[in-house]
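Fold and contact review
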Amino acid sequence: MSFPILSLMLAIPAVAAVACLFLSASAARWTALAATLIDLALGVVLWTSFDVGGAQWQFVEYAPVFGRFAWALGIDGYALLLIALSVFLMPICIGASWQAIEKRVPEYMAAFLLTEVLMIGTFAAQDLFLFYIFFEAGLIPMFLIIGIWGGVNRIYASYKFFLYTLLGSLLMFIAMLYMSITAGTTSIPVLLNYDFPPQVQTWLWLAFFASFAVKMPMWPVHTWLPDAHVQAPTAGSVILAGVLLKLGGYGFLRFSLPMFPEASASLVWLVFGLSAVAVIYTSLVALVQSDMKKLIAYSSVAHMAIVTIGLFAFNAQGIEGAMMVMLGHGLVSGALFLCVGVIYDRLHTREISRYGGLAINMPRYAILFLLFTMASIGLPGTSNFVGELLSLMGTYKVSTTIALLCTTGIILGAAYMLYLYRRVVWGEITSEEVRAMPDLSARELWLLVPIAAAVLWMGVYPESFLAPMRKDTQILLARIERARPAGDSRPTKGTGIVPAAHAETPATGHEAPGSAH
Amino acid sequence: MTSILFIVFLPLVAAIVAGFANKSFGATLPKVVTTGALFVSCALSWPVFIGFLAGSSEATVTPVLHFMTSGTFDVSWALRVDALTAVMLVVITSVSALVHLYSWGYMSEEPDQPRFFAYLSLFTFAMLMLVTADNLIQMFFGWEGVGLASYLLIGFWFRKPSANAAAIKAFVVNRVGDLGFMLGIFGTYLVFDTVSIPAILAAAPTMGGSTIGFLWFRADTMTVICLLLFVGAMGKSAQLGLHTWLPDAMEGPTPVSALIHAATMVTAGVFMVCRLSPMFEMSPTAMGFITFIGAATCLFAATVGTTQTDIKRVIAYSTCSQLGYMFFAAGVGAYGAAMFHLFTHAFFKALLFLGAGSVIHAMHHEQDMRYYGGLRKAIPVTFWAMLLGTLAITGVGIYGIGGFAGYHSKDAIIEVAWAGGAPVASMVGVFAALLTSFYSWRLMFLTFWGEPRWAASEHIQHALHDAHGHDAHDDHAHAHDGQAHDGHAHGHDDHADEAHHGVAAQEDAGHAPHVDARGFNDMPKGTGGYHPHESPLVMLIPLILLSVGAVAAGFVFHGFFIDPESAGGFWKGALFFNEHLMHEMHEVPLFVKLSATVVMLTGLLIAWAAYIRSPSFPAKFADTFQPIYQFLLRKWYFDELYNFLFVRPAFAIGRVLWHRGDEGTIDRFGPNGSAWVVQLGSRVAGRLQTGYVYTYAFVMLIGLTAAITWAIAG
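No experiment lies behind these values; they were computed from the predicted model shown.

**A word on the overall build of chain B**
Within chain B, the secondary structure is distributed over 29 helices and six strands. Looking at the 714 residues of chain B, the share that counts as buried comes to 64%. The contacts of chain B with a sequence gap of at least 6 include a subset with a gap of at least 24, amounting to 79%. Carbon together with sulfur atoms contributes 69% to the accessible area of chain B, which is approximately 22,800 Å² in total.

**Observations regarding the overall build of chain A**
On a plain count of helices and strands, chain A comes out with 25 helices and two strands. Its C-alpha atoms give chain A a radius of gyration of 23 Å, within 12% of the compact-globule value 24 Å for 517 residues. When its C-alpha atoms are laid out on the principal axes, chain A stretches across 80 × 65 × 40 Å. Looking at chain A as a whole, 70% of its 517 residues qualify as buried. Intrachain contacts of chain A at a sequence separation of at least 6 include 82% that bridge at least 24 residues.

**A word on the packing of helix 17 (residues 405-419) of chain B against helix 18 (residues 423-448) of chain B**
Residues and elements named next belong to chain B. The contact between helix 17 and helix 18 brings their axes to 7 Å, and the two run at 155 degrees. With respect to each other, helix 17 and helix 18 are oriented roughly antiparallel. As helix 17 runs across helix 18, the sense of the crossing is left-handed. On helix 18, the residues touching Lys410, Ile414, Ala417 and Trp418 of helix 17 are Pro423, Ser426, Met427, Gly429, Val430, Ala433 and Thr436. Here the contact of helix 17 with helix 18 is composed, by residue class, of seven nonpolar, three polar and one charged.

**Observations concerning the UniProt feature "domain: NADH-Ubiquinone oxidoreductase (complex I) chain 5 N-terminal" (unreviewed entry) in chain B**
Those residues carrying the UniProt feature "domain: NADH-Ubiquinone oxidoreductase (complex I) chain 5 N-terminal" (unreviewed entry) are residues 67-117 of chain B in this numbering. Helix makes up 57% of residues 67-117 of chain B and strand makes up 25%, while its end C-alpha atoms are separated by 29 Å.

**What about the packing of aromatic side chains?**
Taken as a whole and judged by the stated rule, the model has 82 aromatic pairs over all chains. Relative to A:Tyr281, the ring of A:Trp219 lies with its centre 5.5 Å away and its plane at 55 degrees, an arrangement referred to as tilted. With a gap of 62 residues between them, A:Trp219 in the loop between helix 9 (198-215) and helix 10 (224-231) and A:Tyr281 in helix 14 (residues 268-287) connect regions that are remote in the sequence. Look at A:Trp219 and you get partly exposed, because its relative accessible area is 21%. One cation-aromatic arrangement involves B:Lys31 over B:Trp104; the distance from NZ or CZ to the ring centre is 4.8 Å.

**A look at helix 10 of chain A**
Residue and element names in this part refer to chain A. The buried fraction of helix 10 is high, at eight of eight residues. Of the residues making up helix 10, those classed as buried are Trp224, Leu225, Pro226, Asp227, Ala228, His229, Val230 and Gln231. As for helix 10, its buried residues are in contact with helix 6 (139-149), helix 7 (154-183), helix 9, helix 11 (234-244), helix 15 (292-311) and helix 16 (316-347).

**Here's the deal with the nonpolar core**
Formed by 461 residues in total, the largest nonpolar core has its most connected members in A:Phe372, B:Tyr151, B:Met279 and B:Trp571. Lining this core are residues from two domains, each supplying at least three of them: domain 1 (283-459 + 520-613) and domain 2 (621-669) of chain B. Sequence-distant contacts of B:Tyr151, defined by excluding residues within four places in its chain, comprise A:Leu370, A:Met374, A:Leu418, A:Tyr421, A:Trp426, B:Ala167, B:Ile168 and B:Phe171.

**Focus on the environment of B:Asn521**
Residues and elements named next belong to chain B. Turning to its location among the elements, Asn521 is positioned in the loop between helix 20 (477-483) and helix 21 (537-562). Taking the C-alpha atoms as reference, Asn521 lies 39 Å from Ser94; in sequence the two are 427 residues apart. Dropping the residues within four chain positions of it, Asn521 is found in contact with Pro615 and Ser616.

**Quick word on the environment of A:Arg423**
Tracing the backbone shows A:Arg423 in helix 21 (residues 409-424). For A:Arg423 and A:Ile352, which are 71 residues apart along the polypeptide, the C-alpha to C-alpha distance reads 6.8 Å.

**So, the pairing of strand 2 (residues 69-75) of chain A**
Residue and element names in this part refer to chain A. Summarising burial for strand 2: six of the seven residues are buried, a large majority. Pairing geometry for strand 1 (residues 58-66) and strand 2, over six bridges, is antiparallel. Counterpart to Pro64 in the pairing with strand 2 is Ala70.

**Section: a nonpolar patch on the surface**
Residue and element names in this part refer to chain B. Together, Val13, Val17, Phe25 and Leu29 make up a nonpolar patch on the protein surface, roughly 350 Å² of accessible area in all. In this structure, Val13 sits in helix 1 (residues 3-21). Look at Val13 and you get partly exposed, because its relative accessible area is 47%.

**Considering the side chain of B:Thr319**
All names here are of chain B. Relative to the helices and strands, Thr319 resides in helix 14 (residues 311-331). According to the relative accessible area criterion, Thr319 is buried, its value standing at 0%. Thr319 has contacts with His261, Ala262, Val266, His345, Lys349 and Phe353, leaving out every residue within four places of it along the chain.

**Observations concerning the pairing of strand 2 (residues 73-81) of chain B**
Residue and element names in this part refer to chain B. Of all nine residues making up strand 2, seven are buried, and the element is well covered by its neighbours. Inspection of the sheet shows strand 1 (residues 60-70) paired to strand 2 by nine bridges, in the antiparallel sense. Of the residues in strand 2, the one forming a bridge with Thr62 is Leu79. Linkage of strand 1 to strand 2, two consecutive antiparallel strands, is achieved through a turn of two residues, within which Gly71 is found at a positive phi near 60 degrees.

**Describing the pattern of salt bridges**
Residue and element names in this part refer to chain A. Counted by the stated rule, this structure contains 24 salt bridges over all chains. The shortest N-O distance in the salt bridge between Arg479 and Asp195 comes to 3.0 Å. In this pair, Arg479 sits in helix 24 (residues 463-480) while Asp195 sits in the loop between helix 8 (188-191) and helix 9, placing the two residues 284 residues apart along the sequence. One salt bridge in this structure joins Arg364 and Asp439, with 3.6 Å as the shortest N-O distance. Residue Arg364 is found in helix 18 (residues 363-376), and its partner Asp439 is found in the loop between helix 22 (432-435) and helix 23 (442-460); the two are separated by 75 residues along the sequence. For Asp439, a relative accessible area of 16% puts it in the buried group. In this structure, a network of salt bridges that share partners links the residues Asp195, Glu262, Arg479 and Arg482.

Quick notes on the rules
Residues numbered from 1 in each chain as written. Chains lettered and ligands numbered in written order. Predicted model: local features only at pLDDT ≥ 70, side-chain atom pairs only at ≥ 80, totals over all residues. Heavy atoms only, no water. Helix = DSSP H or I, 4+ residues; strand = E, 2+ residues; numbered from the N terminus. Buried < 20%, exposed > 50% of the residue type's maximum accessible area, 1.4 Å probe, protein only. Contact = heavy atoms within 4.5 Å. Areas by Shrake-Rupley, 256 points an atom, 1.4 Å probe, with all protein chains shown as cover. Rg over C-alpha atoms; globule rule 2.2 N^0.38 Å. Axes fitted to C-alpha atoms, helices over the stretch in contact; angles between N-to-C directions. Parallel < 35°, antiparallel > 145°, perpendicular 65-115°, else oblique. Left-handed = near helix turned anticlockwise from the far one by under 90°. Nonpolar A, V, L, I, M, F, W, Y, C, P; charged D, E, K, R; others polar. UniProt positions renumbered as here; feature names shortened; annotations may be inferred. Phe/Tyr/Trp six-rings, centres within 6.5 Å; stacked < 30°, edge-to-face > 60°. Lys NZ or Arg CZ within 6 Å of the ring centre and 35° of its normal. Core = buried A, V, L, I, M, F, W, Y, C linked by side-chain atoms within 4.5 Å. Domains from an automatic or database assignment. Pairing = 2+ DSSP bridges. Patch = residues over 30% accessible without salt bridge, like charges linked within 9 Å, V, L, I, M, F, W, Y side chains within 5 Å. Salt bridge = Lys/Arg side-chain N within 4 Å of Asp/Glu carboxyl O.

Here is the structure:
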């Protein structure tokens, strides 16, 4: 066994979390920042030493605990990218809370560090129950963050959040128990190649779906998200949108598709239907929001629907596109929540109508907010375009109707985001309070500029992010190929008959395309 | 071909430098950097073009960077240069360089110049990426990139509600087209398993007779794909149905209108159809549709252009109409003719816009032609430039000898449409040419002839009362234009209401015609003591250079673009060149060949009769045919219709889904309902309920750990 870098990445924030509880506010801040930065550095090491195209599972660690339960860690390309996203966003979250949080700072920092442990653990777990513990326990610090440091309605919001996720996780837990008993193992890599009978698959698939659909969130179990976002502190929203929303997609990718391919194929209609509704429904709802965070929260639901359709497209573009949307959305929606946080810290309101004309006194803010707005609506050259393009392209191969319905998201997305931008950033300054708002501080630039750089990098050279997952996609596709649904396009071969209108065209026409090489 | 790297990326570098230099460096550095970069790009572009004219250049592809690979989907950034690209290169870089230069004068009073020049250069970069694309994805990148730049430049005066609304409208309406473009790309990839343009074009001729499923039906494969792609072209090129954003885009500064909304970006749709012409050739249905839409737009926009009073709007509708010509030329298979008109149009339309800008500059930002009149003597250079532009657009020429740019390119389209089996489109083109001549001369007569009607203009009055003359208070003039310009037309501000959103922008955009319904002849005569000044040299030089293009582009280049004998050697397969059709074009009946010239003269005559000889006639005419007049003045009620059909319902449905759907149904029966059950249960359970939700979480964790222990141990 090589150096246990994954365990180390879990241990550092865990130790720091405990330490924070015994420290003063300012010491806790610095401790948390240091711990998250060390994890970020380890994340970089992890990525650079990841053998692209090598073994499926790398950095594997295995230590039996008791019974079949083991401390089993290991990552593939998908997990690597999501861990990278988590460790990248974490220091930014700590930085975003630097001044905004004044109450019970040590506990707050501990909660964030604990979240980081649990997120990394979820992506790295190779044991079914280890995964379950990380996956579900991830909610606890989030409850605390919303419930203690949240807004006025925080109790209701965390309650709603909890109720939704509870039901789903119970069903998933029962399914996991059944699987471990039937298959005689709790090892995820083994289960990935275990064939459950198709009728059993359907029940198991539905049980997992109950949990993942809530986490995504998919329509109609999405209503916890706007409330949770609105009430959560800025950094809470960043981590919620940036990483926690990716758990559902990761779950589909890791469990539903490879473990239950037949069930996945037979229930594609359900996923596609709910996703198409979500894109149009939540985009229209986003259009009429007057609260900035709610607007972005609803837009997240629409974007996550692009993830689900891509995953269930059963082809490379769909799956890799879905992953790219997850990564891109993690960065962009996180950045958008930071942008909201920046002005919330100044004016203490999220009401869109209270703002206006920020381009006049906050030009740097206006530029960055513009970049993230454009990324959110999938402008080519930004991260989200790559994901949306691939995901929708993959979907088109399965269902042109669903692809058409979901592609309307590019129109509706542009409408609600540009409408938001216009009301907040353009126009005349609405009040003296707004006029007094200073432009981005150095600290805020340090939070936003790295995300901006990552967004552009992903948009211009997405190959860096596609390469690590290519092999995993091949393996996954080989596994689910047998269940792949036929598309509705099914083009026939050309008969070589030249259409009537220009049948008499002379020879120059035929050499036209060829000579252009 | 390393020069192409400089041509394309210099504007990007300049945009970044200008953008970051911002105010701290003053305005000069960004202006010098961006304008300098564009002139270098332009200087490098002409040799490329000349190489193709001379027949010595071959198509090249310069790789830049790998973009992405996913399964069989493989895309790279690369710069393709062939004859078609070369044409676009000179159009884009020449007009852009001149517009940069012109903006030194036009935007000189603007406090935010670095931002403006950065946007202009960014636009140029995106446009160059579009025309050098070797695959559909890079084309889409450029396509959306120019959309972004257009959005930013239309909304350049971001304090002004009407500019904001117009910017959003432009972006969103274009996105409707992009929906089609994207689905077209998906379909293309599905069928051809590649998005590389040469590979697609090579495979396209084998696709005859193939069918494909789409939505609920099956249809001819190439028809489905081409129609989807064409929807994208319709959005970008403001064709009927998706044209509503273009007139409103006139909210942007006038140099922007000249560059983006006349010469370059709006022609991207035509370029796309020409670039993919071997695909479109495979679908007579799609070609028929393109012809129909082109002809319909050509006619529609020309009719609306005859009634508008805002000088920029007249030219905007004119642009829309001319784009229609290009499309129906493409629709009958005469891609060379479409590109030729694109090429000449770029010069004379940019000239007309920049000339209009010079007039607006002289008239202290008054854009309503009813307040113009008699400007011929006051601004002679502008007058002569616009006169040449008008001669070019109306197609003045002598049969058998030659004429101004439009004479060669527009008349060719009318003839080729006849020859290509679309006599109706051809005659629609002739009628539109009559209207073109009428509205163009109407513009000229209202602006430069007659008596001055300046006194009643609020802008002029503002200049006189506030500033005691134009020059003394130049400093705030443009900033003022940005804010108060339209304040009198509509007082409603941001009530976060749909009335301001997107397609609803009509009320906000530009000079609403209902502000003052008087005809031009009812305006009080007189200068009011105002003295218009000719524009500075930096603005006149571009006008003069573009005038050369408007005069000469037609007869110098027609051999290369459309001549059946020599054009094939120029295009070298960069587009589908139908020699046979171009031969037939010369054999159309004489009345077709002469009709364009005849209607050009007729239009001139009518305009002269109505606006010079008996100036009371237009108002009487409008009164007599009030319904028709209103129909045209209100632009066929497209904005009202779209507002009613799409914008208001979108907001209304959004509200219903939110309140009735999310809150009234899902929450009510979901979490709120179950929360009530849980509360009841916990009241029974008594002390367990502490009021803090997270206790539940710990309970869950404890239960879970126990369960796992049981499961594993058992």
